[in-house]
Amino acid sequence: MLSKKQARAFFLGGTVVTFLIFIGLTVYSLGEAQDQSHSENITEAVVRGKKLWESNNCMGCHTIMGEGGYYAPELTKVVERRGDAYIKAALMSEQPWQPRGRKMVAYNMSEAEADDMVAFFKWIGEIDLNGFETVVSPLAKDKSNN
Amino acid sequence: MKYKSQKVAYWFFALSMLLLSLQLIYGLIMGFAHAGMDGLHEWIPFNTAKAVHTNLLVVWLLSGFMGAAYYIIPEEAQHELVSVKLAYVQLISLALVGVAAIVGYHFNYWEGRKFLEIPRPLDYLVVVNVLLFMALILITLFKGKRKTTTALVMSMGLLFAALLYLPGMIDFDSQVLDSFFRWWVVHLWVEGVWELIMGGILSFLLIKLTGVDREVIEKWLYVIVGLTFLSGILGTGHHYYYIGVNKIWLIVGGIFSALEPLAFLAMALFAVNMYRKGEKKHPNKTALLWTIGSAIVSFIGAGLLGFAHTLPQTNLYTHGTIVTAMHGHLAFWGAYAMIVFAIISYALPNMTGRKFYDTARGRMAFWISNIGMIGMTVAFGVAGVAQVYMERKMKMDFMTVQKDLEIHFYVLIIMATLFIVGITLYIIEFFKHGQPTDEALEVNELVED
Ligand code: HEM
Ligand code: HEM
Ligand SMILES: [Fe+2]
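Residues numbered from 1 in each chain as written. Chains lettered and ligands numbered in written order. Predicted model: local features only at pLDDT ≥ 70, side-chain atom pairs only at ≥ 80, totals over all residues. Heavy atoms only, no water.

**Looking at helix 5 (residues 111-125) of chain A**
Part 1 of the reasoning: Look at helix 5 of chain A: 21 Å from first C-alpha to last across 15 residues, which is about the 21 Å you get at 1.5 Å a residue.
Part 2 of the reasoning: For helix 5 of chain A, the set of buried residues is Ala114, Asp116, Met117, Val118, Ala119, Phe120, Phe121, Trp123, Ile124 and Gly125 of chain A.
Part 3 of the reasoning: On its buried face, helix 5 of chain A is in contact with helix 2 (44-55), strand 1 (63-64), helix 3 (78-82) and helix 4 (84-92) of chain A together with helix 6 (175-210) of chain B. (Helix = DSSP H or I, 4+ residues; strand = E, 2+ residues; numbered from the N terminus. Expected span 1.5 Å × (residues − 1). Buried < 20%, exposed > 50% of the residue type's maximum accessible area, 1.4 Å probe, protein only. Contact = heavy atoms within 4.5 Å.)

Below, the structure is given as structure tokens:
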């Protein structure tokens, strides 16, 4: 039968080995050669857009790359789906945006802020998501009825 | 209860119950919003409700874990807590930081990063608070007469949980990196170090409740936490499939996360077997019910329902849908909420001297809340699967699908009401115990050992 000492060795050994592999894989994945996000395209506008994305907790309702709230549409390919003008109108609206009845917070953004958000979405929209992009969006666009 | 300082646990548990009640109100607000009734939108928009709901969950669970540690560590180490006064300071500061964060969320003061919405300045206060907590626990442990495996595993879980908070505080310009390291906190908490905390509490309770030999229980504890880390660390990859990092995670995350249910299966088998083996049964039936229940429901919610969407081929379609919410509810409930309820049910009679060991209200609280939660899981599950088919397979528009899903949220609200009845009974039972007293020390000596 397994002894307590062996059980502890299994715990410590397994932890150390998988932890080291995890760190190794992280370093490998985040290396430049593996980049799928076109990080060279992260301009200042994109960074400002990301800050707005965070400071307003957009992720509390919407998903982006599949992460966030399940209350409002996935925004990974939103530029491709709606175009800049539509997005800016939603963000700059003084009244809650609610084309289909469900309300969004009225952010009343300035034109410059809305441009930054669009820059952020454009960068997101070009990331290679290992196939997820084909499930969440371009196809949805074909069928979308408004 | 064998040491006077263990009484401080009571107040952490009471804080837990208070925050849990608030969490449920915000859950209902979201349930109604999904069902098409968003009358509170102007004051509590959905993103506020969601941040409050999930953050209160995390804070009440942490408060429960801290209470558990203040109760368990002195007893295991056979040493009074080094400073009760500082433990109260820690309690009050935890409550204040928690409340400040929650209030801030109503005024657009947050960091929109799912589960880690607490803004940076408050993050630092959290760090200070947790450092104080860890110092009190670790010093007590090391001054103590014995360092049991149960106490070590639990403290290790708490310490790693504290350390893992830090990667969530790094700033990135890239959303991809932000997300990558956010999972070091969120995933490695719930599918890693929190399982050590859960395992530690479970093993403490099984030793007390079943009378099985400590050596046997602690040996299996090592096996369980061994399985946890072996699968859970590399299992982090199941969050990296579709967020803009390379394809290696499809393989690594797929294989290792598929093994994660083993740790939960082991936990369930362990609890049931120790119960069967035990000869010296403790009269506290309510605590036993929650203990065994937690081990079983966590296997269903985390193990089975986690497995249901963890392979990359399935996750491609379910990622970021209500299917995820289905799993999130039953997993958090079974693994962490129920284990906190178990330790509370065990500790309360010992701290207060009131022997509510096997009351009708206690049993009803268990069954009604569990049936309610399983009903909620089914409602989320049906809505989620319908969403996946309509939106992701049939390519229907997001909002068109959401309209069709409203009916499932009515079912959710009904089930949630049942759940809330169960929780209310539990909280009534909690307060019926009255407050902790030193006299309880003497009463216990007669019952235990
Ligand atoms: C009154 C009972 C409850 C109701 C009505 C409720 C409802 C909800 C709703 C509607 C969401 C939002 C899903 C979305 O983003 O669209 C949610 C999220 C969540 N709830 Fe609850 N909930 C309740 C209780 C609980 C309990 C007891 C727990 C934990 C044990 C819990 C854990 C969570 C978690 C972890 C999330 C985030 C899920 C995710 O984003 O994947 N909830 N809840
Ligand atoms: C007690 C343990 C667990 C808890 C509390 C838990 C909770 C959660 C929560 C709240 C989420 C939503 C995260 C988000 O998208 O923001 C999630 C996602 C996920 N969980 Fe778990 N989980 C647990 C265990 C497991 C296990 C053991 C597995 C696999 C076998 C698993 C598989 C998954 C997967 C694949 C996702 C991603 C869903 C998606 O792509 O949207 N979980 N979990
Ligand atoms: Fe995970």
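So, next bit.
**Digging into the packing of helix 5 (residues 149-164) of chain B against helix 6 of chain B**
All names here are of chain B.
Part 1 of the reasoning: Two elements in contact, helix 5 and helix 6, have axes whose closest approach is 8 Å; the angle formed by their N-to-C orientations is 160°. One finds that helix 5 runs roughly antiparallel with respect to helix 6. Considering how the two elements wind past one another, helix 5 and helix 6 form a crossing that is left-handed.
Part 2 of the reasoning: Its residues assigned to classes, the contact of helix 5 with helix 6 shows 18 nonpolar, four polar and no charged. (Axes fitted to C-alpha atoms, helices over the stretch in contact; angles between N-to-C directions. Parallel < 35°, antiparallel > 145°, perpendicular 65-115°, else oblique. Left-handed = near helix turned anticlockwise from the far one by under 90°. Nonpolar A, V, L, I, M, F, W, Y, C, P; charged D, E, K, R; others polar.)

**As for the confidence of the model for chain B**
Part 1 of the reasoning: Looking at chain B as a whole, its pLDDT mean stands at 96, while 98% of the residues score no less than 70.
Part 2 of the reasoning: The complex model carries a pTM of 0.97, and its ipTM stands at 0.95. (pLDDT = per-residue confidence, 0-100.)

**Description of the domain arrangement of chain A**
Part 1 of the reasoning: According to the domain assignment, chain A consists of domain 1 (1-34) and domain 2 (39-145).
Part 2 of the reasoning: Computed over C-alpha atoms only, the centres of domain 1 of chain A and domain 2 of chain A are separated by 38 Å. (Domains from an automatic or database assignment.)

**What about the coordination of the iron atom of ligand 2?**
Residues and elements named next belong to chain B.
Part 1 of the reasoning: From the protein, the iron atom of ligand 2 takes a single donor atom, His327 (NE2), 2.0 Å away.
Part 2 of the reasoning: Separating the iron atom of ligand 2 from the iron ion (ligand 3) is a distance of 4.4 Å.
Part 3 of the reasoning: Tracing the backbone shows His327 in helix 12 (residues 322-352). (Donors = N, O, S within 2.8 Å, 3.2 Å for Na, K, Ca; no water.)

**Observations concerning the site of ligand 1**
Part 1 of the reasoning: Lining the immediate surroundings of ligand 1 are 25 residues, of which Tyr70 of chain A together with His34, Lys50, His53 and His329 of chain B lie closest.
Part 2 of the reasoning: This site is not confined to one chain, since residues near ligand 1 come from chains A and B.
Part 3 of the reasoning: Tyr70 of chain A is positioned with one of its side-chain polar atoms (N or O) 2.8 Å from an oxygen atom of ligand 1.
Part 4 of the reasoning: Residue Lys114 of chain B places a side-chain N or O atom 2.9 Å away from an oxygen atom belonging to ligand 1.
Part 5 of the reasoning: Of all the secondary structure elements, the ones that give two or more residues to the shell around ligand 1 are helix 1 (8-34), helix 2 (46-77), helix 12, helix 13 (360-393) and helix 14 (398-432) of chain B.
Part 6 of the reasoning: Top contributing element to the shell around ligand 1 by residue count: helix 1 of chain B, with seven residues.
Part 7 of the reasoning: In terms of residue class, the shell around ligand 1 is made up of 14 nonpolar, nine polar and two charged. (Near = heavy atom within 4 Å. Polar contact = N/O pair within 3.5 Å; in protein donor to acceptor, adjacent residues only side chain to side chain.)

**Observations regarding the packing of aromatic side chains**
Part 1 of the reasoning: Under the counting rule described, the total for this entry stands at 43 aromatic pairs over all chains.
Part 2 of the reasoning: An angle of 35° between the planes, with centres 5.8 Å apart, marks the rings of Trp53 of chain A and Phe120 of chain A as tilted. Taken together, the positions of Trp53 of chain A in helix 2 and Phe120 of chain A in helix 5 put the pair 67 residues apart, joining distant regions of the chain. Phe120 of chain A shares its class with Trp53 of chain A; the two are buried.
Part 3 of the reasoning: Look at Tyr240 of chain B and Trp249 of chain B: their rings are 5.0 Å apart centre to centre, the planes differ by 85°, and that puts the pair in the edge-to-face class. Considered together, Tyr240 of chain B and Trp249 of chain B belong to a single accessibility category, that of buried residues.
Part 4 of the reasoning: If you follow Arg182 of chain B out to its NZ or CZ, it ends over the ring of Trp183 of chain B, 4.9 Å from the centre.
Part 5 of the reasoning: When the ring centre of Tyr317 of chain B is taken as reference, the NZ or CZ atom of Lys393 of chain B above it lies at 4.3 Å. (Phe/Tyr/Trp six-rings, centres within 6.5 Å; stacked < 30°, edge-to-face > 60°. Lys NZ or Arg CZ within 6 Å of the ring centre and 35° of its normal.)

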